[in-house]
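Examination of the molecular architecture
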Amino acid sequence: MNNTCNYSTCYNVGLLLPILNESTWSVGARIFFYVIGMLWCFLGLTIVSDSFMCGIECITSKTKTVTVAKSGGEGFQQIEVKVWNDTVANLTLLAFGTSAPEILLNVIEICGQNFVAGDLGPGTIVGSAAFNLFIITSLSITCIPDGETRKIKDMHVFALTSISGILAYVWLILVLLVISPNVVDLWEAILTFMMFPVLIVSAYAADRGLWCRPRNKTSAQIEIALEASKRKSYSSDTDIIDVARKLARDKSINEDDVAQAMAAQIDSTRPKTSSWYRVNASRMMSGGQKLVVKPKKSATELLEKVHAGSSDLSRLNDHLANGVNGAVSSRDVNLQPKKSVIEFTSASCSVLENEGMVRIGVRRTGDLSRQVTIGVETLDGTALAGQDYKPTKQLMIFAAGESKKELYVDIVDDNVWEPDEFFYVKLFHPTPGSTVEDVEIGKVATNKVTIINDDEPGKLEFSKPIYIVKESALNASLMINRVNGADGEVQVTWTTTDITARSEMDYAGGEGKVLFTHGETSSTISIDIYSNKTKQDELSFQVELSNPTGGADLGKITKAVVTLINDEEFDRMVARIASKTQKNLDSLKLDTSTWGEQFQSAMNVNGGNLEAANYVDYILHFVTFFWKVLFACLPPPSVGGGWPTFLSSLAVIALLTAIVSDMAKIFGCLVGLSDYITAITFVALGTSMPDAFASRCAAINEKWADSSIGNINGSNSVNVFLGLGLPWLLASVYWNLQGKDFYHPSGTVGLSVTLFTICATLVLLVLVVRRRMARFHFAELGGPKLEKYLTGVVPLGIWVIYVLLSSLQAQGVYTAF
């Protein structure tokens, strides 16, 4: 009905409000007060809906143990399956949870007006349905990243709920405009209400494939539970161990950051329900504890490297490279001595006999501001001066600012085979020139030069017979040397043999081949190490060389034993990361265990996680602080299986809905809008906004579109069957007992419902077209950028047209389409 009251009587139109006599207030002040009040109460509804949905999640997540045959038919296993079917849960408790304010608003309005039909309740039902179907569909289509798509997975249930959603409003048209215009008969009210259980049974049948395909012997719930059990059997310990190995090598990344990234990674693989997204959206709108973790980029990159099997830690490698080249940071420069420190760049090097010379690097660190001189000389080893190399003794002058020089020593090449030989190059303080006070010789004062004879193919052998490897290592690296010759291309085979370690359990066993090109004198084989946390003793395996080719022979060390030893510090690191990861996962739970946890979460921004909070979270927390603390008094979901939370939250939602109803009516009266316009705009947007945020998040993060748009039509059907069916039933019974009919004006509601039905059909056709056309990648959501936005703007435009035409009709501008 249209508000025809004047401003002086607007304070008298509510059921509970106003508490004070506001007739003396200015109209502008009252309008401002009620706008702010509605917004604040909408936030209150959002927050109490958080508790309501957590209670529902706790109820519907109950499981039972069933016994099923193992794959292959070998024995049986016990698994946990949900007591509630997901489809039934979505259409009962979940749909009621998301639609509770709209349903209760209609019930409260009709009961509060002595069972006389009003416009606010029905308008909110239809307006909310329009917002859900048009705006949320538009948002879900366009929010998908460019090029990506999302499809409806369970098409049978979606088709059923879509048809049900259309038929529900067709039924309203028949009731209000055709069968008995302006009157709702008792049988019509009963039939409307009974359509709700019929929808549930039909959706359950469609979900189980009773209509569209033969029913499988194993239910979908058991299949899902088996898959979850299989995933669970692969413990996350392996990932944590691999991450700990990387972390042990890269100290620049914090354990806390890695644990947070691990929790985010594990949580991203968990299936999420529509209620999860609804709760997360509610908390985002109130500055509450978010259900998502945003790890630091460095920790995320480390996890990606673990899963990619990459051992390239660029930050560590760069650091090591800088150290070899003598680069120092500005902080290190300040710590350097005032003297010039001169040393070789490496302690040893090798050269093929036919190369003619060897190049040896010498570097200077410390004070580079002056010219200094250092002496270098060669000393015999097994190689003799004059026969195998040309001796030298000279001074090297480093100019001011010069940090690196190179020394060349000539090698004598002959055609006589002889074993590999070596000589030394040594730094010394020269007698003339620089003094000891000016120049200091560094730690690498001697370089061992090995002359490799290249006249024979050589012998292949391990560099040592025993390798000790900690379990924290990613792999065991074994060096194979080519000695006494490097002529031509040769190859050798390596094979692993178990001792106490087991191949493919403790290490990556097997065999492989190593190729040496002409002149190549060393190569490394890498064997992956698997950490087995059940082992207590040291494990070992053997690697043996065989079958050399190209004329090469095997050397003295043809077998090497690799021993895997326990690493206590590594074990402690793994335990710490696992504990911190679990703590982060626990913080992402929907429900809380105690009242104390509820109050702690309610009284802190972002539930106490201040690092992840931004200034918007602080503002929203300040605005909603009263509601958070108040609703923290409700029983936590862990009490009584979630039912006390469900019932107490429902009672609070009913009270808040009554207040919102009064505010909306008074506001509409003050600004001169009918209750119906207020309902389809302000009230519908306020009650449906959390659903829009939840659907957007689900569309982006889920693999399928079911969680974003799959429940819209089911929720809209429940809105009609419960939101209108229940109050109609109560009113019809009341008036029938008095021998009268339940009068329900059909003008505004009837025409608006007709318009919505036409528009809803068009939007569903858009989704059908998208699913059947390759241009949209055969998907309801996303796709190429241009096509995505062109189809996404259609539902938005339809919503604008619907609101505009419904508002004009409600204001009496016209009485027919």
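Conventions adopted
- Residues numbered from 1 in each chain as written.
- Predicted model: local features only at pLDDT ≥ 70, side-chain atom pairs only at ≥ 80, totals over all residues.
- Heavy atoms only, no water.
- Helix = DSSP H or I, 4+ residues; strand = E, 2+ residues; numbered from the N terminus.
- Expected span 1.5 Å × (residues − 1).
- Pairing = 2+ DSSP bridges.
- Axes fitted to C-alpha atoms, helices over the stretch in contact; angles between N-to-C directions.
- Buried < 20%, exposed > 50% of the residue type's maximum accessible area, 1.4 Å probe, protein only.
- Salt bridge = Lys/Arg side-chain N within 4 Å of Asp/Glu carboxyl O.
- Core = buried A, V, L, I, M, F, W, Y, C linked by side-chain atoms within 4.5 Å.
- Contact = heavy atoms within 4.5 Å.
- UniProt positions renumbered as here; feature names shortened; annotations may be inferred.
- Parallel < 35°, antiparallel > 145°, perpendicular 65-115°, else oblique.
- Left-handed = near helix turned anticlockwise from the far one by under 90°.
- Nonpolar A, V, L, I, M, F, W, Y, C, P; charged D, E, K, R; others polar.
- Phe/Tyr/Trp six-rings, centres within 6.5 Å; stacked < 30°, edge-to-face > 60°.
- Lys NZ or Arg CZ within 6 Å of the ring centre and 35° of its normal.
- Polar contact = N/O pair within 3.5 Å; in protein donor to acceptor, adjacent residues only side chain to side chain.
- pLDDT = per-residue confidence, 0-100.

1. Notes on helix 21 (residues 785–810)
The terminal C-alpha atoms of helix 21 lie 38 Å apart, and with 26 residues this matches the ideal 38 Å at 1.5 Å per residue to within 8%. Positive backbone phi, approximately 85 degrees, marks Gly812, located one or two places after helix 21.

2. Observations concerning the sheet that holds strand 6 (residues 348–352)
Pairing in this open sheet of five strands is mixed, and the strands run 6-13-11-8-9 from one edge to the other. The open sheet terminates on both sides in strands that have one partner only, identified here as strand 6 and strand 9 (393–398). Between one strand axis and the next, the sheet turns by 25 degrees as a mean value, whatever way the strands run. Note that strand 6 and strand 13 (residues 446–452) share five bridges and pair parallel. When the bridges of strand 13 are listed, Ser350 appears paired with Thr450.

3. Quick look at the environment of Lys703
In this fold, Lys703 is placed in the loop between helix 17 (675–701) and helix 18 (706–710). Take Lys703: its relative accessible area is 65%, and that puts it in the exposed class.

4. Topic: the pattern of salt bridges
Across all of its chains, the model carries 15 salt bridges by this definition. Here Arg370 ties to Asp367 by a salt bridge, and the two come within 3.1 Å at their closest N and O atoms. For Arg370, a relative accessible area of 41% corresponds to the partly exposed category. Measuring nitrogen to oxygen at the nearest pair gives 3.8 Å for the salt bridge that ties Asp506 to Arg502. The exposure class assigned to Arg502 is partly exposed, which follows from its relative accessible area of 43%.

5. A closer look at the nonpolar core
Most often, soluble globular proteins keep nonpolar side chains buried together rather than apart. In this structure, Phe134, Tyr169, Trp728, Phe756 and Tyr802 are the most contacted members of the largest nonpolar core, which totals 118 residues. With residues up to four places along the chain from it excluded, the contact list for Trp728 reads Leu172, Val175, Leu176, Val184, Ala189, Thr192, Phe742 and His744. Counting residues in each nonpolar core, the second largest holds 26 residues, with Ala476, Ile480, Val514 and Val543 among its members.

6. With respect to the environment of Leu650
Residue placement: Leu650 occurs in helix 16 (residues 643–671). As for Leu650 and Val48, which are separated by 602 residues in sequence, their C-alpha atoms are 8.6 Å apart.

7. Digging into the pairing of strand 7 (residues 357–366)
Counting buried positions over the 10 residues of strand 7 gives seven, a clear majority of the element. Summarising the sheet, strand 5 (residues 340–344) and strand 7 pair through five bridges and their orientation is antiparallel. Note that in strand 7 the partner of Ser340 across the bridge is Gly366. Note that strand 7 and strand 10 (residues 404–410) share seven bridges and pair antiparallel. Residue Val362 lies in a different strand from strand 10, and its bridge partner there is Lys405.

8. Topic: the UniProt feature "transmembrane region" (unreviewed entry) in the protein
According to UniProt, the "transmembrane region" (unreviewed entry) feature falls on residues 31–54, 157–180, 186–206, 643–660, 718–737, 749–769 and 789–808. The straight-line gap between the two end C-alpha atoms of residues 643–660 is 25 Å; of that span, 100% is helix and 0% is strand. Between the C-alpha atoms that bound residues 789–808 there is a distance of 29 Å. The span itself is 100% helix and 0% strand.

9. Overview of the packing of helix 2 (residues 86–112) against helix 17
Between helix 2 and helix 17, the least distance of the axes is 8 Å, while the angle of their chain directions is 160 degrees. The angle between helix 2 and helix 17 falls in the class roughly antiparallel. As for how helix 2 packs across helix 17, the hand of that crossing is right-handed. Counting all contacts with helix 2, which are made through Thr98, Pro101, Glu102 and Leu105, the residues of helix 17 involved are Val683, Thr687, Ser688 and Asp691. Taken together, the residues that form the contact of helix 2 with helix 17 break down as three nonpolar, three polar and two charged.

10. Comments concerning the sheet that holds strand 17 (residues 490–498)
On the basis of which strands lie adjacent, the open sheet formed by five strands has the order 15-22-20-17-18 and mixed pairing. Each end of this open sheet is capped by a strand with a single partner; those strands are strand 15 (466–470) and strand 18 (511–516). The average angle at which neighbouring strand axes cross in this sheet is 25 degrees, direction not considered. Across six bridges, the pairing between strand 17 and strand 18 is antiparallel. In the strand pairing of strand 18, Thr495 is matched with Glu511.

11. Quick notes on the packing of aromatic side chains
The full count for this structure, using the stated rule, is 21 aromatic pairs. Here the aromatic residues Trp40, Phe626, Trp627 and Phe631 are joined through ring pairs into a cluster of three or more. Over the ring of Phe428 we find Lys393, and its NZ or CZ is 5.4 Å from the ring centre.

12. What about the side chain of Asp691?
In this fold, Asp691 is placed in helix 17. Of note is the side chain of Asp691, whose polar atom sits 2.6 Å from the side chain of Arg278. In this view, Asp691 contacts Thr98, Asn132, Ile136 and Arg278; residues no more than four positions away in its chain are not counted.

13. Comments concerning the confidence of the model for the protein
The predicted coordinates ought not to be read in detail in places where the model reports low pLDDT. Taken as a whole, the protein shows an average pLDDT of 82; of its residues, 85% reach a score of 70 or greater. pLDDT under 50 marks residues 214–218. Its contacts with residues more than four places away, or in other chains, come to six contacts. In the model, residues 310–337 has pLDDT below 50 throughout and makes 28 contacts with residues more than four positions away in sequence or in other chains.

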